[in-house]
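# Structure assessment
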Amino acid sequence: SEGILFTPDSAKIQHVTFITNQPELLKVIETHKVSTVIIEMCRPALWVYRVLTDLGLTVLVANTNSEAFHLSGKRTKTDRTDAERLRFLFISGELKTVTMLSDESRAARQLISVRSAIVNNRSAVKSTIRHLLDTVGLTIQTGKSGWTKKIINMLHEWSEVAPPAIPPGPWQTQLATQLRLLSMYDEEADRLTREIEALSESSDYAQQLQTIPGVGLITSVATQASLDDPHRFRTSKQDSKYSGFHPVPY
């Protein structure tokens, strides 16, 4: 990475180059007695913000979606031009920042994201099983009723012994493999759901959200993780619009 060291009341600047990891960053901070760090929103911004705020430093994370950010940029994008842009926006008072979520909210969002991926994979496995059965002339009930314990046990039996009038073949091996995957995804989804339930039970905010008709476990925890601290909004209307409970054209 390449950064610029400067003071707001001086035109003098100094370029520094360092490897983007925690030891190198802390060495730069300590060597040059940095008190404020400006960084654009990116993947490293998460750990940079956490590490430096723990040291008591002020960390400003630039909103890369702001109009001023795009208007101030150059056609050639490098670490140096990015640093120059952040310095210009800060000096001119046009730097728009984003709110960084707490560690708890980030962990909840990651948990929900992982569970969503698992559920999507499980749905894909179910579709594969249905397609496989169609190729040999077998069907199961549609919807959730097609995946009851009784149906799953029947599918396991079919993977070992083909039903009457259906010739055995490689489809049974494929079915057995997909059933193992389905079982794995079921167990993982259940485990992640229990973790999310634990987060919900420890949060009065999530419990209150679930009193709204149509708002369940995942939505309530996801909303809380997205809002983080609702008091950062000036009014409840801003809060509800941001969370999506009061949608507006934008």
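A brief report on the enclosed structure follows. The shown structure was predicted, so the numbers you read here are calculated from the model rather than taken from an experiment.

### Some remarks on the pairing of strand β4 (residues 58–62)
Pairing analysis gives 5 bridges linking strand β3 (residues 36–40) to β4, with the strands arranged parallel. What sits directly across from V37, in β4, is V59. The parallel pair β3 and β4 is bridged by helix α2 (residues 43–54), and the resulting crossover is right-handed.

### Observations concerning the side chain of S66
Relative to the elements of secondary structure, S66 occurs in the loop between β4 and α3 (67–71). Reaching out from S66, the side chain makes a polar contact with the backbone oxygen of N63 at a distance of 3.0 Å.

### Points about the packing of aromatic side chains
Under the definition given, this model contains 1 aromatic pair. Over the face of the ring belonging to F69 we find R85, whose NZ or CZ atom lies 4.0 Å from the ring centre.

### Digging into the nonpolar core
Membership of the largest hydrophobic core comes to 27 residues, with the highest contact counts inside it found for I129, L133, L155, W158, W171 and L175. Looking at this core, the elements that each hand over two or more residues are α5 (103–135), α6 (149–160), α7 (170–201) and α9 (217–227). Setting aside residues no more than four positions away along its own chain, L133 makes contact with L138, I140, L155, W158 and L175. Ranked by size, the runner-up nonpolar core spans 17 residues in total, among them V16, F18, V28 and L52.

### Digging into α2
By the burial criterion, the buried members of α2 are A45, V48, V51 and L52. Across the axial projection of α2, the buried residues extend over an arc of 140 degrees, all falling on one side. Exposed residues on α2 whose side chains face more than 90 degrees from its buried face are R43 and D54. Those residues of α2 hidden inside the fold are in contact with α1 (22–31), β3 and β4. Downstream of α2 by a residue or two, G56 has a phi angle that is positive, lying close to 90 degrees.

### A word on helix α4 (residues 79–92)
Across its 14 residues, α4 extends 20 Å between first and last C-alpha, which sits within 8% of the 20 Å expected from 1.5 Å per residue. The complete set of buried residues in α4 reads T81, D82, A83, R85, L86 and L89. Where α4 is buried, its residues meet β1 (2–6), β3, β4 and α3. Positive phi appears at G93, one or two residues downstream of α4, with a value of about 75 degrees.

### What about the packing of α1 against α2?
Viewed as axis vectors pointing N to C, α1 and α2 meet at an angle of 50 degrees, and their least axial separation amounts to 11 Å. Regarding the angle of α1 to α2, the classification is oblique. When you trace α1 past α2, the crossing you get is right-handed. Contacts from Q22, L25, L26 and I29 of α1 reach α2 at W47, V48, V51 and L52.

About the thresholds
- Residues numbered from 1 in each chain as written.
- Predicted model: local features only at pLDDT ≥ 70, side-chain atom pairs only at ≥ 80, totals over all residues.
- Heavy atoms only, no water.
- Pairing = 2+ DSSP bridges.
- Helix = DSSP H or I, 4+ residues; strand = E, 2+ residues; numbered from the N terminus.
- Right-handed = clockwise from strand over helix to strand, strands pointing away.
- Polar contact = N/O pair within 3.5 Å; in protein donor to acceptor, adjacent residues only side chain to side chain.
- Phe/Tyr/Trp six-rings, centres within 6.5 Å; stacked < 30°, edge-to-face > 60°.
- Lys NZ or Arg CZ within 6 Å of the ring centre and 35° of its normal.
- Core = buried A, V, L, I, M, F, W, Y, C linked by side-chain atoms within 4.5 Å.
- Buried < 20%, exposed > 50% of the residue type's maximum accessible area, 1.4 Å probe, protein only.
- Contact = heavy atoms within 4.5 Å.
- Arc of directions from axis to C-beta.
- Expected span 1.5 Å × (residues − 1).
- Axes fitted to C-alpha atoms, helices over the stretch in contact; angles between N-to-C directions.
- Parallel < 35°, antiparallel > 145°, perpendicular 65-115°, else oblique.
- Left-handed = near helix turned anticlockwise from the far one by under 90°.

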